[in-house]
Amino acid sequence: MTIIIDPQSSGIAGNMLIGAFVDLGADANKLKEVMEESALEFGKVEVTFTKVSKCGIISTFCHVEMLEHNPTINFKEFISKIKELDLDEKIINTSVKIFERIAESESKVHGKSLDEVHFHEVGASDAVADVIGSVYAYYSLGYDNQKIIGLPIAIGGGRVKTCHGIIPVPAPAVVEILKDAKMIGGPVDSELATPTGAAIYMELCNEIKDFIPQIKVKKAGYGAGRKDFKHPNVLRIIESSDMTESDEIDVIETNLDHLTGEEIGYLFDVLLDSGASDVSVTPIIMKKNRQGSLLKVISKRKYREIMIETIFKETGSLGIRIAPNTHRGIAKREFETKSYEINGKTYEVTFKIGYVNGEVISKRPEYEDLKKIAKDSGLALMKVKEIIK
């Protein structure tokens, strides 16, 4: 399946992404709960979802009202608070990466180190709710296992008032965040792309294209913006099936002969946390009959530089092999969530279902869900697997 994020006419903002995700099936009630609870540490917010018409297009409007604003904090303290939120680890990790994009852009614009950066608008409680809500909805829909394509972003024009004074649109931070993206000015004299929306877009998209590729549309969701224009102020997200079930990846390899088992295990975890799709380590015999290990990393193209930098840093390797744009055949995948009651408590478990020619070839529960149940219930992981079928 391919997901198309289409900000060509009205740009992008965090609440627009959330609205579109809800339009596509994300649970609005659960999102409201997650967003309001996550923002509490930074200031109280109230989240509401309503159906609105934007120039005739029915869309979902996510309104995040900031009821209080806590004092600004530095980046290190801010990230520490985000990591302490009671959310799934993958949601935390992706959210942290998004905030790092924002912080790095602020750091570059203001000529400060990350430790010196203080979050203003982007660190406010409503922005926290936007990021956490977008990432939570993204994972709840199973989009982390799908290809995400972003189309060029309409950025608007004119000037906008900020805590740094009146600045041109797009704001300097947005320019930094969207350096590797494609943008176009207009079609209105107004800010259309926010730093928060731009950072989420850049983190979620695997690829950015000028046009929609050949696909079969399954459904579309529309997230409404706050302002009203003479054109529909909506962000469109399209859920589609590919005409051809294939994918392109990088395969990155290097030989290791000087790391301990513990160090290799640590490297394994660091690479996965940095965005690797898969990591494997295979025992090998090297020249002069030295025992070693072959490290193989499968990664999406957008993570290539991060993977290479991490391997060099953690291993001291003098050479890394890259097989770019490797094609792989992939089965059609869908995700289904079921509820189970264990020891008087209800748990939700996501199943990954694989299809070939319309027939189910596999149906497996997600490991992270099983691990969470095992830790929470005190049951052995194998016992949880027996229950969850």
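Scroll up a little and you will see the structure.
How each quantity is defined
- Residues numbered from 1 in each chain as written.
- Predicted model: local features only at pLDDT ≥ 70, side-chain atom pairs only at ≥ 80, totals over all residues.
- Heavy atoms only, no water.
- Helix = DSSP H or I, 4+ residues; strand = E, 2+ residues; numbered from the N terminus.
- Rg over C-alpha atoms; globule rule 2.2 N^0.38 Å.
- Buried < 20%, exposed > 50% of the residue type's maximum accessible area, 1.4 Å probe, protein only.
- Lys, Arg positive; Asp, Glu negative; His and termini not counted.
- Charge placed at Lys NZ, Arg CZ, Asp CG, Glu CD.
- Pairing = 2+ DSSP bridges.
- Contact = heavy atoms within 4.5 Å.
- Polar contact = N/O pair within 3.5 Å; in protein donor to acceptor, adjacent residues only side chain to side chain.
- Salt bridge = Lys/Arg side-chain N within 4 Å of Asp/Glu carboxyl O.
- Axes fitted to C-alpha atoms, helices over the stretch in contact; angles between N-to-C directions.
- Parallel < 35°, antiparallel > 145°, perpendicular 65-115°, else oblique.
- Left-handed = near helix turned anticlockwise from the far one by under 90°.
- Nonpolar A, V, L, I, M, F, W, Y, C, P; charged D, E, K, R; others polar.
- Arc of directions from axis to C-beta.
- Disulfide = S-S within 2.5 Å.

(A) Geometry of the overall build of the protein chain. What the protein chain contains, in helices and strands, is 11 helices and 18 strands. Against the 2.2 N^0.38 benchmark of 21 Å for 389 residues, the protein chain shows a C-alpha radius of gyration of 22 Å, consistent with a compact globule. With the principal axes as the frame, the protein chain shows a C-alpha extent of 70 × 50 × 45 Å. Out of the 389 residues belonging to the protein chain, those deemed buried represent 48%. Distance between charge centroids for the protein chain: 4 Å, based on 50 positive and 58 negative side chains.

(B) Molecular detail of the pairing of strand β13 (residues 278–285). Relative to strand β14 (residues 291–299), β13 runs antiparallel, the two being bridged by 8 bridges. Bridge assignment links I284 to a residue of β14, and that residue is G292. As consecutive antiparallel partners, β13 and β14 are separated by 5 residues, and within that stretch K288 has a phi angle of approximately 60°, a positive value.

(C) View of the environment of T60. Tracing the backbone shows T60 in strand β3 (residues 57–66). Sequence spacing of T60 and V22 is 38 residues, and the spatial spacing of their C-alpha atoms is 7.1 Å. The contacts of T60, once residues within four sequence positions are left out, are G19, V22, D23, F49, T50, K51, Y222, G223 and A224. Only 3.2 Å separates the side chain of T60 from the side chain of K51, close enough to count as a polar contact.

(D) Layout of the pattern of salt bridges. Going through the model one piece at a time under the given rule, you end up with 21 salt bridges. In this structure, D228 engages K54 in a salt bridge whose closest nitrogen and oxygen atoms are separated by 2.6 Å. With a gap of 174 residues between them, D228 in the loop between β10 (215–224) and β11 (234–242) and K54 in strand β2 (residues 45–54) connect regions that are remote in the sequence. Since its relative accessible area comes to 63%, D228 is described here as exposed. Look at K54 and you get buried, because its relative accessible area is 7%. Ionic pairing is found between D257 and R290, a salt bridge with its closest N-O pair at 2.9 Å. One end of the pair, D257, is in the loop between β12 (246–256) and α8 (261–273); the other, R290, is in the loop between β13 and β14, with 33 residues separating them in the sequence. The exposure class of D257 is partly exposed, given its relative accessible area of 37%. Take R290: its relative accessible area is 31%, and that puts it in the partly exposed class. The network of salt bridges with shared partners includes K108, E176 and K179.

(E) How the structure looks around the pairing of strand β4 (residues 147–150). Summarising the sheet, strand β1 (residues 2–6) and β4 pair through 4 bridges and their orientation is parallel. Pairing of I5 across the sheet is with G150, part of β4. Inspection of the sheet shows β4 paired to strand β9 (residues 207–208) by 2 bridges, in the parallel sense. Residue pairing in the sheet places I149 in a bridge with E207 of β9.

(F) Main features of unusual backbone geometry. Each neighbour pair has its own omega, and for V169 with P170 the value is 0°, a cis peptide bond. With respect to the secondary-structure elements, P170 resides in the loop between β7 (165–168) and α6 (172–177). With an omega dihedral of 5°, the bond running from G186 to P187 counts as a cis peptide bond. Tracing the backbone shows P187 in the loop between β8 (183–185) and α7 (195–204).

(G) How the structure looks around the packing of helix α1 (residues 14–23) against helix α5 (residues 125–140). Closest axis-to-axis distance for the α1/α5 pair is 9 Å, and the angle between their directions is 30°. Of the possible angle classes, the one that applies to α1 and α5 is roughly parallel. Considering the relative orientation of α1 and α5, their crossing is left-handed. Counted together, G14, N15, L17, I18 and F21 of α1 and A129, D130, G133, S134, A137 and Y138 of α5 form the full contact between these two elements. By residue class, the composition of the contact of α1 with α5 is 6 nonpolar, 4 polar and 1 charged.

(H) Helix α10 (residues 367–377), seen in detail. What α10 keeps buried is the set D369, L370, I373, A374 and S377. Angular distribution of buried residues about the axis of α10 spans 135°; they occupy a single face of the element. For α10, the exposed residues set more than 90 degrees away from the buried face come down to K372 and K375. Residues of α10 that are buried in the fold lie against β16 (332–342), β17 (345–356), β18 (359–365) and α11 (381–387). Note on α10: the residue one or two positions beyond its end, G378, has a positive phi of about 85°.

(I) Quick peek at the state of the cysteines. According to the stated counting rule, one finds 0 disulfides in the structure shown. The thiol sulfur of C205 is not disulfide-bonded, and the nearest other cysteine sulfur, from C62, lies at 19 Å.

(J) Local environment of the packing of α5 against α7. Running from N to C, α5 and α7 point in directions that differ by 25°, and their axes come no closer than 10 Å. Between α5 and α7, the angle falls in the class roughly parallel. Viewed along their axes, α5 and α7 form a crossing whose handedness is right-handed. Residue-level inspection shows A127, D130, V131, S134 and Y138 of α5 in contact with α7, the latter providing T196, I200 and L204. Partitioning the contact of α5 with α7 into residue classes produces 5 nonpolar, 2 polar and 1 charged.

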